[in-house]
Each structure stands twice: as structure tokens, then as C-alpha cells.
Amino acid sequence: MARLAQTAGLSDVQQEILSTVRAFVDKEIIPVATQLEHRDEYPAEIVEGLKELGLFGLMIPEEYGGLGESLLTYALCVEEIARGWMSVSGIINTHFIVAYMLKQHGTQEQKDTFLPRMALGEVRGAFSMSEPALGSDVAAITSKGVRDGDEYVLNGQKMWLTNGGTSTLVAVLCRSDEGHPEGTPAHKSMTTFLVEKEPGFGEVRPGLTIPGKIDKMGYKGVDTTELIMDGLHIPANRVLGGATGRGFYQMMDGVEVGRVNVAARGCGVAQRAFELGVSYAQQRHTFGKPIAQHQAIQFKLAEMATKVEAAHAMMVNAARKKDSGERNDLEAGMAKYLASEYCKEVVEDAFRIHGGYGFSKEYEIERLYREAPMLLIGEGTAEIQKMIIGRRLLEEYRFQG
Ligand SMILES: Cc1cc2nc3c(=O)[nH]c(=O)nc-3n(C[C@H](O)[C@H](O)[C@H](O)COP(=O)(O)OP(=O)(O)OC[C@H]3O[C@@H](n4cnc5c(N)ncnc54)[C@H](O)[C@@H]3O)c2cc1C
């Protein structure tokens with residue numbers, strides 16, 4: 001029988017990258033993930049391994065020292081890594097989004113300054129839109145950047161910053177009314193500022209504080225933080241793309257590729273849950289036979305595998321559409337929505353297959369059960385995906401009567 005989640009039409013280079021990443025996941029991530037997760041410990045050694053594999057520069061163009069690979073290759077690597085431990089994929093995901101935004105929207109000087117060091121993993125990216133009072137409603141952002149000579153002064157509080165402590169370059173979305181006449185729509189008066197900082201917690205740069213790690217239900221190991229700007233001075237040449245007022249579009253572009261990425265993480269976590277469920281079902285006996293021989297359990301396995309296959313196919317489709325240069329917001333929204341919902345369902349079924357043992361921290365499924373919900377929220381909740389999908393459908397199927 002063919003294994004689940006195979007991808008047709010990959011080049012030799014793509015296959016080689018994927019088999020290297022898979023071997024790394026099986027050898028270096030899976031055996032230690034649950035222990036590290038229970039201690040909420042940053043996977044420093046794994047991160048060094050990812051650097052050596054070149055994964056921090058996977059999609060950064062070769063001229064800047066990266067591997068210049070496609071979104072599809074990147075997403076398939078993320079799927080493999082999330083199969084090992086979702087938090088590790090979170091460490092490269094925000095980095096990848098910031099590198100992508102720089103590549104697409106940065107000035108030449110910004111690309112030359114940051115991309116080569118990002119490809120090596122020396123500069124590590126995080127991105128920050130959310131605030132304590134908003135996540136879905138990005139246009140309601142209140143953090144502000146005000147021009148002061150050759151600088152901008154930033155004030156405001158940000159929330160839910162993945163890699164907030166470990167990153168050294170944060171793309172921060174602020175309102176910047178300068179140059180925009182009264183009545184300009186909110187999303188046209190936003191700017192992305194490239195904020196360089198020291199890693200760590202406390203005052204990491206004058207005017208910039210990273211208070212500490214938020215204690216989370218899952219997605220542990222990777223640091224998630226607040227970010228407080230209190231008179232933070234940023235040179236004018238650190239406005240992404242060199243002009244104000246484009247931040248909303250730049251961030252939405254970044255989040256759109258991020259959605260394919262979250263879909264890939266959902267696929268990876270669901271695959272692992274399936275592997276755990278199908279293995280346990282053949283070892284545990286009840287009523288004189290392995291539970292896999294009870295039809296109710298076989299039906300569960302059949303549903304789980306079908307969901308793994310469907311989510312993988314949609315994720316691959318969304319990545320290929322973007323790689324072909326076409327708009328992919330509909331496909332990315334659908335893939336993110338379906339993969340995260342299916343992931344939660346497959347994990348729940350694998351948990352049920354484990355009976356009482358699924359509730360024990362000794363079993364890996366307990367960790368997956370606490371990790372899957374994050375995918376329902378990150379890069380836009382299910383409701384936000386459905387809003388995007390719905391709007392695009394009405395564009396495509398406009399009533400002509
Ligand atoms: C672990 C973690 C890491 C994160 N990392 C980052 C990061 O690195 N950078 C960053 O900027 N953000 C990050 N986020 C924030 C994340 O993007 C937001 O939590 C998410 O967008 C939802 O926003 P919210 O939490 O404010 O919920 P809200 O926007 O308050 O939504 C609450 C509920 O209302 C629903 N809802 C909202 N508006 C509508 C509507 N119009 N119609 C129907 N339903 C609606 C939502 O779907 C949700 O169910 C992270 C979050 C978590 C939990």
C-alpha cells in the first residue's frame with residue numbers, strides 16, 4: 001500500500017531535501033520532542049541542526065545565500081517538521097514570513113542588509129500585528145509610528161509574538177498617519193517597521209521591552225511574548241519598502257504564504273496522530289483481539305487517513321498555485337481551514353483510540369492534543385478563513401442576471 005501524503009511530480013532536488021529533513025525529524029526531533037515540551041524548553045540543539053540543513057534560508061534567493069526553493073518545497077519541509085514537533089515549525093515560520101516580506105517588498109538596501117544573515121539563521125525574524133485588544137480585526141491597530149526628523153518614534157503594545165524573545169528582527173505593523181490625509185481608510189495608513197533588537201527578555205533596546213514568555217496550553221518550547229514600545233526610535237530607512245502606508249498589504253501578503261504554512265503544520269500533526277493511532281490500535285487488545293480488528297476502530301482509522309490525504313492535497317494545491325505566480329488566497333484559505341479542522345479531528349480520534357492512556361503524559365498523543373488547537377487560531381481563525389473564502393466565491397460566481 002502507498003504511504004499517506006505522497007506528493008506527485010517532485011524534482012530530484014525536492015525529494016532529496018525532503019528525505020534529509022524526514023531523517024532529521026525521525027532521528028533528532030521525535031525522540032526528544034515530548035520531554036522538551038513537558039519542560040517548556042527551547043530546542044536549541046534542534047535549531048542548530050536546522051541551520052546546518054539550510055532551512056532558515058530555504059526560500060531566500062540564492063543571490064542572498066539561500067537555497068532559492070519554492071513555497072511547495074518549504075511547505076513539505078514544514079509538514080515533515082510538524083510531524084516531529086509543531087513548535088519547531090513555529091520557530092522557522094515567522095522567520096520565513098519576514099524573509100518573504102523582505103524579498104517581496106524590501107528596498108535593495110534592506111534585502112542586502114538582512115537576507116544573507118537570515119539565510120544563515122544569524123538574524124532571526126518574528127512578525128507582530130496582534131495587540132491585546134485585537135487579532136482578527138487588523139485594521140483596528142492602535143500602535144503608532146510618528147515621524148521625527150530622520151526617525152520614527154513608535155509607541156504601543158503588541159501581543160502574541162511568536163519568537164518574541166529569540167528573534168533579532170521584528171516586522172511590526174503600526175498606524176502611521178504621516179502623509180495620509182484625513183479620512184484615509186485605516187488599512188491605507190499602516191506601515192511595517194523593521195525593528196532590530198537583541199534576543200532575550202526585559203529592555204532589549206531603549207524603548208523596547210519583551211516582558212517574558214506567555215504560559216501556554218501547548219505550542220511550548222517556542223517563546224510567545226508581548227512587545228511594548230515606549231518611545232522606540234527607528235531610523236526612517238527601516239520602513240519596509242521605504243514608503244509608509246503599505247504595511248497592511250505587505251503583512252497580508254506575508255500572512256497569505258503563512259496560511260499555506262499553517263495548513264502544512266496541520267497536515268504534519270495529523271499524520272503523526274494517524275501513525276500513533278494506527279500503531280496503538282494493533283497493539284492494544286480488547287475482547288480477545290487487537291482493537292484494530294473492531295470495525296468501529298477501523299472506521300476511525302479510515303476516516304483519519306482520508307482526512308490526512310485530503311488536507312495534504314489541498315495544501316499542495318495552494319502552494320503550487322502561489323509558485324505558479326497566480327493569486328492563491330482562495331486556495332490558501334481553504335487549505336488552512338480544512339487542514340486545521342481535520343488536524344483537530346484526527347488528533348481527537350487518535351486520542352480516543354488510546355483510551356485512558358491518551359490522557360497520560362507518557363504518551364505522545366497527549367502533547368498533540370494540546371498542540372492542535374493552536375492551528376485553529378494562528379494566521380486567522382476558521383471564521384476569518386471562511387470570510388476570505390466566501391468573498392472570493394462571490395467574486396468568481398457573481399450573479400449576472
Ligand atoms: C500561540 C499563538 C501565537 C501567535 N503568534 C502570533 C504572531 O507571531 N504574530 C501575530 O501578530 N499574532 C500572533 N498570534 C495572534 C493570532 O493571530 C490571533 O490570536 C488570531 O488572529 C485571533 O485573534 P484574537 O485572539 O484577537 O481573537 P478575536 O479576533 O478577538 O476573535 C475572537 C473570536 O471571534 C471570532 N470573530 C472575530 N471577528 C469575527 C467576524 N467578523 N465574524 C465572525 N467571527 C469573528 C474569531 O474567529 C474568534 O472565534 C498568535 C496567537 C497564538 C494563540
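For the structure, check the block above.
What counts, and at which threshold
Residues numbered from 1 in each chain as written. Predicted model: local features only at pLDDT ≥ 70, side-chain atom pairs only at ≥ 80, totals over all residues. Heavy atoms only, no water. Helix = DSSP H or I, 4+ residues; strand = E, 2+ residues; numbered from the N terminus. Expected span 1.5 Å × (residues − 1). Buried < 20%, exposed > 50% of the residue type's maximum accessible area, 1.4 Å probe, protein only. Near = heavy atom within 4 Å. Polar contact = N/O pair within 3.5 Å; in protein donor to acceptor, adjacent residues only side chain to side chain. Areas by Shrake-Rupley, 256 points an atom, 1.4 Å probe, with all protein chains shown as cover. Disulfide = S-S within 2.5 Å.

Examining helix 6 (residues 247-283)
- End to end, helix 6 covers 53 Å across 37 residues, agreeing with the expected 54 Å (1.5 Å per residue, within 8%).
- Burial within helix 6 is extensive, with 30 of its 37 residues counted as buried.

Quick word on the site of the ligand
- As a matter of local geometry, the ligand sits amid 16 residues, with Ser-136, Trp-160, Thr-162, Thr-381 and Glu-383 nearest to it.
- The backbone of Trp-160 places a nitrogen or oxygen atom 3.0 Å from a nitrogen atom of the ligand.
- Considered on its own, the ligand offers 980 Å² of accessible surface; in the complex 64% of this is hidden by protein.
- Of all the secondary structure elements, the ones that give two or more residues to the shell around the ligand are strand 1 (125-128), strand 3 (151-162), helix 9 (364-377) and helix 10 (382-396).
- Of all the elements, strand 3 adds the most residues to the shell around the ligand, at three residues.

Things to note about the state of the cysteines
- On inspection of all chains with the given rule, the structure shows zero disulfides.
- In this structure Cys-77 is not part of a disulfide, and its nearest cysteine sulfur, from Cys-267, lies 14 Å away.
- Lacking any disulfide linkage, Cys-343 is separated from the closest cysteine sulfur, that of Cys-267, by 8.5 Å.
- With a relative accessible area of 0%, Cys-343 lands in the buried category.

The values are spatial; any link to function lies outside them.
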